[in-house]
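The primary structure of each chain is shown beneath.
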Amino acid sequence: MHLRLRTCEVRSWQSNDLESLVKYANNPHIWINLRDRFPHPYTTSDGRTFLRNIRSQRPETAFAIAVGHEAAGGIGFQLQGDVERVSAEIGYWLGEPFWGRGIMTEALVAVTAHAIATHGLSRVYAVPFAWNGASCRVLEKAGYLLEARLRRSAIKDGRIVDQLQYAFNP
Ligand SMILES: CC(C)(COP(=O)(O)OP(=O)(O)OC[C@H]1O[C@@H](n2cnc3c(N)ncnc32)[C@H](O)[C@@H]1OP(=O)(O)O)[C@@H](O)C(=O)NCCC(=O)NCCS
């Protein structure tokens, strides 16, 4: 998969992305906004394991966001099952030096459309922590609608937090 966008490229992860993946993923400002399955500190071994697993995954649902020659971040979706097999949850992160350039908004628009077209989805959703103003703004700019505040629904770094549920329906 390879989407050439204005600010970045969204493409398959490559084994030579390891160095830039670890360089940008190993950041507490990113980890604090993600699920705990995203490791911190993010080691070379974590990166190697991620790339090995992701490169054999079919269907391919996780992609690198490339800026120049580097993998600057990641975006992926989880296809749901059973009666929710028309839905997918999307998640994403970007290396801190690249924030504020519109990169994630553009990547999110493109991958949302790709997920819907490839998997026949009727809904793509995201569940950021309520404190994550930048991610909420990205979702709104990409056409997602706020559906709900999931009060005290998660724990991150020892703190019980509200989450906000956003969805995109084609
Ligand atoms: C959230 C994240 C993906 C945004 O990526 P990005 O490429 O910087 O996003 P964009 O440049 O497309 O848009 C960012 C928008 O958020 C706004 N913003 C930034 N900080 C903000 C804040 N604290 N509160 C509200 N809005 C904020 C920016 O002004 C911009 O909006 P604008 O274009 O209207 O000015 C990036 O910061 C990141 O990876 N954060 C850590 C991981 C994460 O939060 N992932 C999402 C988990 S749900």
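See the structure above.
Notes on the structure follow. All of these numbers come straight from a predicted model, not from anything done at the bench.

Now for the overall build of the chain. Of the regular secondary structure elements, the chain holds five helices and eight strands. Counting helices and strands in the order they occur from the N terminus, the chain gives β-β-α-α-α-β-β-β-α-β-α-β-β. Expected size for 170 residues packed as a compact globule is a radius of gyration near 15 Å; at 15 Å, the chain falls within 12% of this value. In terms of principal-axis extent, the alpha carbons of the chain reach across some 40 × 40 × 35 Å. By residue count, 47% of the 170 residues in the chain fall in the buried class. Of the contacts made within the chain by residues no fewer than 6 positions apart, 62% connect residues no fewer than 24 positions apart. In the chain, which carries 20 positive and 16 negative side-chain charges, the distance between the mean positions of the two groups comes to 1 Å.

Our next topic: the site of the ligand. Around the ligand there are 22 residues in total, and Tyr92, Gly100, Thr105, Asn132 and Lys141 lie nearest to it. Between the ligand and Leu94 there is a distance of 2.8 Å, counted from an oxygen atom to a backbone nitrogen or oxygen. Between the ligand and Arg137, the relevant distance is 2.8 Å, taken from an oxygen atom to a side-chain nitrogen or oxygen of the residue. Here the ligand, which alone exposes 970 Å², has 71% of that area covered by the protein.

Looking now at the pattern of salt bridges. Here the structure, examined in full by the defined rule, presents seven salt bridges. Between Arg35 and Glu89 there is a salt bridge, and its shortest N-O distance comes to 3.2 Å. Taken together, the residues span a long stretch of sequence, with Arg35 in the loop between helix H2 (28-31) and helix H3 (44-55) and Glu89 in strand S5 (residues 87-94) at a distance of 54 residues. Arg35 gets classed as partly exposed once you look at its relative accessible area, which sits at 33%. For Glu89, a relative accessible area of 18% gives the class buried.

Cis peptide bonds are those with omega within 30 degrees of zero, and the linkage from His40 to Pro41 qualifies with -5°. Here Pro41 shows up in the loop between H2 and H3. Of note, Asp82 is a non-glycine position whose phi angle comes to about 50°, a positive value. With respect to the helices, strands and loops of the structure, Asp82 is situated in the loop between strand S4 (70-79) and S5.

A separate point is the layout of surface pockets. As a volume, the largest pocket reaches approximately 1,400 Å³. Going through the elements one at a time, H2, H3, strand S3 (62-67), S4, S5, helix H4 (103-119) and helix H5 (133-141) are the ones with two or more residues in the lining of the largest pocket. A per-class count over the lining of the largest pocket returns 28 nonpolar, 15 polar and seven charged.

Within the largest apolar cluster, 46 residues are counted, with the highest numbers of intra-cluster contacts made by Ile65, Ile75, Ile90, Trp93, Met104, Leu108 and Tyr144. Ranked by residue count, the leading element in this core is H4, at seven residues. Residues contacting Ile90, with those up to four places away along its chain left out, are Ile75, Gly76, Phe77, Leu108, Val111, Thr112, Val124, Tyr125, Ala126 and Tyr144.

Another point: the packing of H4 against H5. The geometry of H4 relative to H5 is characterised by a closest axis approach of 9 Å and an angle of 50° between their N-to-C directions. In terms of orientation, H4 lies oblique with respect to H5. Handedness of the H4/H5 crossing: right-handed. In this structure, H4 contributes Met104, Thr105 and Leu108 to the contact, and H5 contributes Val138, Leu139 and Lys141. Per-class residue counts for the contact of H4 with H5 are four nonpolar, one polar and one charged.

Reading the values: the criteria
- Residues numbered from 1 in each chain as written.
- Predicted model: local features only at pLDDT ≥ 70, side-chain atom pairs only at ≥ 80, totals over all residues.
- Heavy atoms only, no water.
- Helix = DSSP H or I, 4+ residues; strand = E, 2+ residues; numbered from the N terminus.
- Rg over C-alpha atoms; globule rule 2.2 N^0.38 Å.
- Buried < 20%, exposed > 50% of the residue type's maximum accessible area, 1.4 Å probe, protein only.
- Contact = heavy atoms within 4.5 Å.
- Lys, Arg positive; Asp, Glu negative; His and termini not counted.
- Charge placed at Lys NZ, Arg CZ, Asp CG, Glu CD.
- Near = heavy atom within 4 Å.
- Polar contact = N/O pair within 3.5 Å; in protein donor to acceptor, adjacent residues only side chain to side chain.
- Areas by Shrake-Rupley, 256 points an atom, 1.4 Å probe, with all protein chains shown as cover.
- Salt bridge = Lys/Arg side-chain N within 4 Å of Asp/Glu carboxyl O.
- 1 Å grid on protein atoms, 1.4 Å probe; cavity = no way out; pocket = protein on both sides within 12 Å on 5 of 7 lines; lining within 4 Å.
- Points joined across faces, edges and corners; volume = space filled by probe spheres on them.
- Nonpolar A, V, L, I, M, F, W, Y, C, P; charged D, E, K, R; others polar.
- Core = buried A, V, L, I, M, F, W, Y, C linked by side-chain atoms within 4.5 Å.
- Axes fitted to C-alpha atoms, helices over the stretch in contact; angles between N-to-C directions.
- Parallel < 35°, antiparallel > 145°, perpendicular 65-115°, else oblique.
- Left-handed = near helix turned anticlockwise from the far one by under 90°.

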